[in-house]
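Next come the chains, spelled out residue by residue.
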Amino acid sequence: MLAPSYQKLKDNLSKFIDPKRILDNPLQTLAYGTDASFYRLIPEIVILAHNEAEVIEIIKQAKKLNIALTFRAAGTSLSGQAITDSVLVVATHGWKNFELLDNNQKIKLEPGIVGSRANTFLAPHGLKIGPDPASINAAMIGGIVANNASGMCCGTAQNSYQTIADIRIVLNDGTVLDTSDAESVAAFKNSHKALIQEIESLRNTIKNDESLYHFIKNKFKIKNTTGYSINALVDYEDPIEIIKHLMVGSEGTLAFISNVTFKTVIDEKFKSCSLLIFNTIQDACNATILLKSAPVAAVELLDRDSIRSVENDPAAPDYFKTLPESACALLVECRDNTVEVLQQKQEAIRLQIQSIPTYTDYEFTSDPKQYYFNWKARKGLLPTVGGLRKNGTTVIIEDVAFPLPQLAEACLALKDLFKKYEYHDAVLFGHALEGNLHFVFSQDFSTQTEVDRYEKLMSELAILVVDRFNGSLKAEHGTGRNMAPFVEKEWGTAAYEIMKRIKTIFDPNNKINPDVLINPDPKAHLKNLKPMPESHAIVDKCMECGFCEPYCVSEGLTLSPRQRIVIAREISRLEESNENPTRLAAIRKDVTYQLDETCATDGLCALACPVNIDTGKFVKTWRANELNGSSKKVAEYIGSSMAGTTAVLRVGLKAVSFFHSILGTRIMTTLSNGIHFISFGKVPKWIPEMPKGADKIKTL
């Protein structure tokens with residue numbers, strides 16, 4: 001039962017929004033409340049908003065009742081940005097509109113469009129959006145902007161912050177600001193004079209503090225998504241431009257993003273890459289420094305442990321297994337619109353790093369098989385570790401950034417840190433050209449000892465990154481709950497106070513995605529950790545990343561593969577612990593339709609799953625286990641008598657079609673509904689779309 005204020009909110013919103021899209025049953029709030037991070041909060045209510053008018057009404061009604069809101073698109077963020085124990089507003093379905101502008105130089109996108117889908121709109125014009133996160137096949141525009149996503153080939157020049165042209169937002173009072181609309185901007189400046197003055201005051205405060213001004217400038221010379229994008233206050237003079245860029249990387253804590261307009265970038269026609277093996281990680285990092293001024297599109301680093309994780313791939317060269325422990329690889333990408341210039345770039349790259357010896361000779365390749373393997377080796381690292389982890393553990397991927405001249409020393413320091421805390425499965429890789437390193441390791445949160453180990457790792461990591469190397473604790477994954485306790489550590493008191501003022505300006509009552517990004521609790525990153533109980537061998541390796549969701553035909557009707565696994569895990573946990581029989585019964589009440597009956601079991605989800613999980617196969621197993629004795633006997637009979645069964649069905653469908661032709665659709669529908677009711681649902685309903693029985697196929 002909902003608390004009175006939430007029930008009041010539900011009642012009020014039901015007058016404006018289809019009540020079927022206001023969810024409060026235990027199964028759906030858990031399913032929709034789960035994101036890709038290793039944190040879990042279960043919302044009281046989930047609202048599937050379909051348009052801006054609904055969001056405005058949600059914000060206004062929630063404000064009246066002093067209820068917190070969290071906004072989400074795909075839920076692929078990794079640091080706990082998109083979870084809540086209050087009200088979750090999901091903006092996916094109904095948010096798919098786009099518009100090409102200014103002769104394709106810009107594209108306006110709504111938040112529910114998957115990033116790769118946006119690129120399909122631009123591909124015929126040889127263009128794309130700038131951000132290219134590894135999750136681009138699942139991540140949606142709303143989250144890409146809200147987290148200032150970047151990626152392998154965009155660096156700091158083509159990320160969301162640099163390529164945003166305009167934005168349309170809904171503020172905490174329901175006001176809409178569309179920066180592309182002069183009338184909207186003028187009206188906003190008139191109605192929100194105090195907010196504008198506050199922004200100008202912040203801008204002036206920083207510009208009058210030379211030390212703080214240059215500190216902020218320097219911090220953003222490398223990738224940085226720790227805290228708010230306060231570089232907006234030094235990069236721009238106009239308060240509207242400042243607001244626009246503050247929204248990038250704000251992680252949904254300042255306003256709802258209705259749409260965003262990106263400046264498009266060129267997607268070169270010809271591409272080649274090469275996997276360069278160096279004798280040491282220092283050589284690889286020194287080569288990266290030289291490549292900074294070379295015509296490269298991407299430079300990705302893979303440490304020896306990363307290479308080891310792919311050396312058994314059938315496409316891997318044999319020498320991978322014989323590489324020394326000190327070896328390190330750079331995956332170098334080259335792009336252009338002509339083959340001739342592409343070759344010139346390749347030669348320029350070779351000359352640029354000729355002073356640094358490589359372990360083996362190397363060639364650039366555009367051969368699809370070799371090109372695919374090289375990138376597979378890089379992109380497959382997360383699933384490699386994820387697939388090898390013990391059941392019950394989760395996969396953590398962190399990303400930090402260092403000044404490029406210190407990248408080699410930082411790599412070695414990180415590896416020492418992993419050894420100290422016995423994270424023996426940790427692999428180190430990342431966007432070397434930007435000094436951006438990711439590390440992936442498995443983590444067990446089921447015991448206090450393991451939580452303590454994680455706490456010590458994070459504490460020492462913060463000291464290493466901030467104090468020793470003056471780096472970024474978050475380069476492109478966003479602050480979230482995981483790094484919120486360390487924002488002040490990285491930025492210092494003066495800059496952190498600026499960030500707190502920004503939050504207060506846009507959300508004075510702290511009701512828009514609270515506790516994310518700004519959180520005074522020094523232990524916030526150790527709370528609300530997601531349980532990962534064993535459920536079934538087919539799905540136990542699931543990381544709940546959500547990469548499967550765009551490929552699922554029932555997502556939106558009922559549950560996605562990720563959500564089905566979340567529910568199965570919760571049922572297993574509740575059955576094992578006997579913790580809450582009432583909650584277990586409530587989830588079980590809805591599970592047959594939501595998890596089983598509406599799954600197509602086509603296995604499409606496995607095509608996108610980083611660890612190749614076929615949730616359809618799991619559902620078939622679930623379905624079989626749920627059958628009683630007589631149902632199993634019927635299934636066995638049908639399975640062993642398919643010829644007779646199909647013959648009977650063929651005749652039956654022909655008969656139904658015959659009666660339909662005589663009785664007509666209206667009478668047929670009435671009769672069907674009546675028989676369905678009298679039989680207590682045993683006889684299926686007839687619908688006009690039901691096919692006619694086909695003729696038997698003649699075999700030779």
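All residue numbers refer to positions counted from 1 along the written sequence of the respective chain. Totals for whole chains, interfaces and linings use all residues, but because this is a predicted model, local features are given only for residues with pLDDT of at least 70 and pairs of side-chain atoms are given and counted only at 80 or more. The basis for the side-chain values is all heavy atoms of the structure; hydrogens and waters are excluded.

Under the annotation held in an unreviewed UniProt entry, the protein carries the name D-lactate dehydrogenase (cytochrome) and is attributed to Flavobacterium nackdongense. According to UniProt, the comment filed for the protein under the heading Sequence similarities (unreviewed entry) is "Belongs to the FAD-binding oxidoreductase/transferase type 4 family." UniProt positions are given in the numbering used here, feature names are shortened, and annotations may be inferred rather than shown by experiment.

## What about the sheet that holds strand S15 (residues 394–401)?
Pairing between strands is defined by DSSP: at least two bridges between them are needed. A run of DSSP states H or I qualifies as a helix once it reaches four residues; a run of E qualifies as a strand once it reaches two. Both are numbered from the N-terminal end. Strand order in the open sheet made by the six strands is S12-S14-S13-S16-S17-S15, with antiparallel pairing throughout. Bordering the open sheet on either side are strand S12 (270–278) and S15, each of which pairs with just one other strand. The mean angle between the axes of side-by-side strands here comes to 20 degrees, regardless of whether they run parallel or antiparallel. Pairing geometry for S15 and strand S17 (residues 436–443), over eight bridges, is antiparallel. Residue pairing in the sheet places Ile-397 in a bridge with Val-440 of S17. Residue contacts are counted whenever heavy atoms from the two residues lie within 4.5 Å of one another. A fitted line through C-alpha atoms represents every axis, and for helices the fit uses only the stretch in contact; the resulting angles, taken between N-to-C directions, go from 0 to 180 degrees. On top of the sheet, helix H15 (residues 368–379) reaches S12, strand S13 (298–303), strand S14 (328–336), strand S16 (427–431) and S17; it is set at about 60 degrees to S12, its chief contact.

## Quick look at the domain arrangement of the protein
Think of interface size as the accessible area that goes away when the parts come together; that is how it is often given. Taken domain by domain, the protein holds domain 1 (1–256), domain 2 (270–477), domain 3 (533–626) and domain 4 (639–699). Domain limits in this description derive from either an automatic procedure or a database domain assignment. On a C-alpha basis, the centres of domain 1 and domain 2 stand 30 Å from each other. At the interface, 19 residues of domain 1 touch 26 residues of domain 2. Of all residues in domain 1, Phe-38, Met-152 and Lys-223 bury the most surface against domain 2, accounting for 37% of the area lost on that side. We define a salt bridge as a contact between a side-chain nitrogen of Lys or Arg and a carboxyl oxygen of Asp or Glu at a distance within 4 Å. Applying the counting rule to domain 1 against domain 2 returns one salt bridge. Two parts placed together each lose some accessible area under a 1.4 Å probe, and the buried area is that loss summed for both.

## A short note on the environment of Phe-364
Residue position: Phe-364 is located in the loop between helix H14 (339–352) and H15. For Phe-364 and Leu-212, which are 152 residues apart along the polypeptide, the C-alpha to C-alpha distance reads 44 Å. Apart from the residues within four sequence positions on either side, Phe-364 is in contact with Ser-272, Cys-273, Ser-274, Val-332, Cys-334, Gln-346 and Ile-349.

## A word on H14
Along its 14 residues, H14 runs 20 Å from first to last C-alpha, staying within 8% of the 20 Å computed at 1.5 Å per residue. Burial status follows relative accessibility: with a 1.4 Å probe on protein chains alone, a residue under 20% of its type maximum counts as buried, one over 50% as exposed, and anything between as partly exposed. Turning to H14, its buried residues number three or more, namely Leu-342, Gln-346 and Ile-349. Angular distribution of buried residues about the axis of H14 spans 60 degrees; they occupy a single face of the element. The exposed set on the far side of H14, more than 90 degrees from its buried face, consists of Glu-340 and Gln-344. As for H14, its buried residues are in contact with S12, helix H12 (281–291) and S14. Take the number of residues in a helix, subtract one, and multiply by 1.5 Å to get its expected span. Note that the arc is computed from the directions linking the helix axis to the C-beta atoms.

## Examining the sheet that holds strand S6 (residues 106–109)
Note: strands within a sheet are paired through backbone hydrogen bonds, in either parallel or antiparallel orientation. Strand order in the open sheet formed by five strands is S5-S6-S10-S8-S9, with antiparallel pairing between adjacent strands. Here the strands that pair on one side only, and so sit at the sheet edges, are strand S5 (98–101) and strand S9 (176–178). Strand-to-strand twist in this sheet, taken as the mean axis angle between neighbours without regard to direction, amounts to 15 degrees. Of the strand pairs in this sheet, S5 and S6 are connected by four bridges, and their pairing is antiparallel. Note that in S6 the partner of Glu-99 across the bridge is Lys-108.

## What about empty space enclosed by the protein?
Using protein atoms alone on a 1 Å grid, points that fit a 1.4 Å probe yet trap it form a cavity, whereas open point sets bounded by protein on both sides within 12 Å along at least five of seven lines form a pocket; residues with an atom within 4 Å of a point count as lining. Grid points are joined across faces, edges and corners, and a volume is the space filled by probe spheres set on the points. With the rule as written, the count across this model stands at five cavities of 30 Å³ or more. Its volume calculated, the largest cavity comes out at about 110 Å³. As for the largest cavity, its lining consists of 15 residues, of which Cys-542, Cys-545, Cys-548, Cys-609 and Ile-613 are closest to the centre. Per-element accounting of the lining of the largest cavity gives the leading share, three residues, to helix H21 (residues 561–577). Residue type decides the class: Asp, Glu, Lys and Arg count as charged, Ala, Val, Leu, Ile, Met, Phe, Trp, Tyr, Cys and Pro as nonpolar, and the leftover types, Gly among them, as polar. Residues belonging to the lining of the largest cavity are distributed by class as follows: 11 nonpolar, two polar and two charged.

## Comments concerning the environment of Asn-259
Among the structural elements, Asn-259 can be located in strand S10 (residues 256–263). Asn-259 sits in the buried class, given a relative accessible area of 11%. Along the backbone, Asn-259 and Ile-141 are 118 residues apart, and their C-alpha atoms lie at a distance of 8.5 Å. If sequence neighbours within four positions are ignored, Asn-259 has contacts with Lys-108, Leu-109, Glu-110, Pro-111, Ile-167 and Arg-168.

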